[in-house]
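Residues per chain are reported as follows:
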Amino acid sequence: MGTDLHELLRSLRVWDVELPAFDPAEAPADPLALFTAWFAQAVAAGQVEPHTMSLATTDEEGLPDVRTVMLHGADTSGWSFATHRGSRKGRQLAARPYAALGFYWPAQGRQVRVRGPVTAAPSAESQADLHARSTGALAAALTGRQSEVLTSLEELARESQAAWDRAQEEPDAPVPSWTLYRLRPDEVEFFQGDAARRHVRLLYRRTEAEGPGWVRELLWP
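Worth saying up front: this structure is predicted, and the values here are computed from it rather than measured. (Residues numbered from 1 in each chain as written. Predicted model: local features only at pLDDT ≥ 70, side-chain atom pairs only at ≥ 80, totals over all residues. Heavy atoms only, no water.)

Draft legend 1. Quick look at the side chain of histidine 199. By the secondary structure assignment, histidine 199 is in the loop between β8 (187-192) and β9 (200-207). Looking at histidine 199, the relative accessible area reads 16%, which means it is buried. Side-chain polar atoms of histidine 199 contact the backbone nitrogen of aspartate 194, separated by 3.0 Å. Setting aside anything within four residues of it in sequence, one finds histidine 199 in contact with Trp15, Phe191, Gln192, Gly193, Asp194 and Pro221. (Helix = DSSP H or I, 4+ residues; strand = E, 2+ residues; numbered from the N terminus. Buried < 20%, exposed > 50% of the residue type's maximum accessible area, 1.4 Å probe, protein only. Polar contact = N/O pair within 3.5 Å; in protein donor to acceptor, adjacent residues only side chain to side chain. Contact = heavy atoms within 4.5 Å.)

Next up, the structure:
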């Protein structure tokens, strides 16, 4: 007996938890400070994998693409993530170096959206970021060939095991294609869900008109 997808969808509910209040009048002047606070609160609330995010890019023809990746950091230079230069997203970023990020933390009914131009970090910095991570992360990077056609799962198992062996023997093994990317935001939006559907949306827009800074605006939900 098959699953009735529409019936299953209608049975689901969102935010079956007590949602925090958010007063945008008390928000800091810089979005990074608010992101850091919300991220820490998501961790404290038990949000599973709060450091995962959707990364949206466009290909050479302007067609959109999206996938889930891991946040590697966020500071005054931007929000960072990493991948192989030759992967699908790496090729797309080379052709159109502009992207958007989306965080969703249902434990608190919150979303954060970030978009802006993307730049690649120098090779030395990219390698340092990789080698600061786990053995598994290095093994995955050493496996390589991301987004290429795979002939069989047996081939994947064989190449992955070889990569794990090398990662354990050479924790500083270089992966020249591994690249750290930074998105410098033009806009950052914070969304606080509300059970009565009076969601609060606060948008930060970068402005250079009167010196570097941010303009804050409320948006209709």
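Past the structure itself, the notes keep going.
Draft legend 2. Spatial organisation of the pairing of strand β1 (residues 52-58). Residue alternation in β1 divides its side chains into a buried set, Met53, Leu55 and Thr57, and an unburied set, Thr52, Ser54, Ala56 and Thr58. Summarising the sheet, β1 and strand β2 (residues 64-70) pair through seven bridges and their orientation is antiparallel. Of the residues in β2, the one forming a bridge with threonine 52 is methionine 70. The hairpin formed by β1 and β2 contains five residues between the paired strands, and glycine 62 there has a positive phi angle of roughly 85°. Relative to strand β5 (residues 98-105), β1 runs antiparallel, the two sharing three bridges. Residue alanine 56 lies in a different strand from β5, and its bridge partner there is alanine 100. (Pairing = 2+ DSSP bridges.)

Draft legend 3. Summary view of the environment of leucine 93. Mapped onto the elements, leucine 93 comes out in helix α3 (residues 88-95). On the basis of relative accessible area, leucine 93 is assigned to the buried category, the value being 4%. Along the backbone, leucine 93 and glycine 46 are 47 residues apart, and their C-alpha atoms lie at a distance of 33 Å. Beyond its immediate stretch of four places on either side in the chain, leucine 93 contacts Thr57, Phe81, Tyr98, Ala99, Val118 and Tyr181.

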